Amino acid sequence: MTDRPLLMLDVDGPIAPFDRFFRPWGYRTHRVPSQTWRQRQLDKGVTDPKPLRVWLNPAHGPSLLALPYDLVWATAWQAEADEHLAPLLGLPQLPYVSWESMHHKDPDGLHWKTRQLVCWADQRPFVWVDDEIGPQDAEWIAANHPGEALTMKIDHRSGLRPEHFARLTAWAGELGR
Ligand SMILES: [Mg+2]
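Residues numbered from 1 in each chain as written. Predicted model: local features only at pLDDT ≥ 70, side-chain atom pairs only at ≥ 80, totals over all residues. Heavy atoms only, no water.

Sorry, what's going on with the overall build of the protein here?
The secondary structure content of the protein amounts to six helices and six strands. The order of helices and strands in the protein, counted from the N terminus, is β-β-α-β-α-β-α-α-β-α-β-α. Taken along its principal axes, the extent of the C-alpha atoms in the protein is 55 × 40 × 30 Å. Split into buried and exposed, the 177 residues of the protein put 46% on the buried side. Split by element, the accessible area of the protein, about 9,700 Å² in all, is 52% carbon and sulfur. Averaging the positions of the 19 positive and the 23 negative side-chain charges in the protein gives two centres separated by 8 Å. (Helix = DSSP H or I, 4+ residues; strand = E, 2+ residues; numbered from the N terminus. Buried < 20%, exposed > 50% of the residue type's maximum accessible area, 1.4 Å probe, protein only. Areas by Shrake-Rupley, 256 points an atom, 1.4 Å probe, with all protein chains shown as cover. Lys, Arg positive; Asp, Glu negative; His and termini not counted. Charge placed at Lys NZ, Arg CZ, Asp CG, Glu CD.)

Okay, here's the thing in structure tokens:
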């Protein structure tokens, strides 16, 4: 199985769309008791924070599992993605990137995940799905990752859509040809 590419999955945006008034079609509303979220709210002075509202599409779990990829959480949710989101999506417990540092400024203007993802991939081919990827990230990955890589910037308001799944399938099929 190790010749399968990795699919590095951001949560907020691609899996859990946000920043829109109406819930997207096909999604369900969940209240997730994330400890990280709760602490952040407490730090902001919110006295009795509600669980985090998250929109998830239950079709995404089976669709992701059907892809010829090894799935990896690449999200600030870290272990909480497995704890809270995987069961709601119908996903098994997945490996996740345990970040050395999050939300830091990068000296070259890269996203804070970029260098750590390339390190984590350890030369394996990968696709990175995220709503915050910039052109500089794609360029840096092309120059510094010895394997094949694809970045897919997803609109944070609409999340992963059928055309993204089609592209992921096509890209994996072209690998090594
Ligand atoms: Mg995101």
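I'm lost on the coordination of the magnesium ion in this one. Help?
Between any two of four tetrahedral donors, the ideal angle at the metal is 109.5 degrees; between two of six octahedral donors, it is 90 or 180 degrees. Of the protein atoms, only D10 (OD), D12 (O) and D131 (OD) coordinate the magnesium ion, at distances of 2.1 to 2.2 Å. One chain supplies every donor to the magnesium ion, and in sequence these donors are spaced D-x1-D-x118-D. Linking D10 in the loop between β1 (6-9) and β2 (28-32) with D131 in the loop between β5 (126-130) and α5 (135-144), this pair joins segments that are 121 residues apart in sequence. (Donors = N, O, S within 2.8 Å, 3.2 Å for Na, K, Ca; no water.)

Any chance you could explain the packing of aromatic side chains here in plain terms?
The description of an aromatic ring pair rests on the distance of the ring centres and on the angle between the ring planes. As enumerated under the stated definition, the model contains two aromatic pairs in all. An angle of 90 degrees between the planes, with centres 5.1 Å apart, marks the rings of F21 and F22 as edge-to-face. Residues W99 and W112 carry aromatic rings whose centres are separated by 5.0 Å and whose planes lie at 75 degrees to one another, so their mutual orientation is edge-to-face. Here the residue W99 occupies a position in the loop between α3 (79-89) and α4 (114-121), and W112 occupies one in the loop between α3 and α4, the gap between them amounting to 13 residues. (Phe/Tyr/Trp six-rings, centres within 6.5 Å; stacked < 30°, edge-to-face > 60°.)

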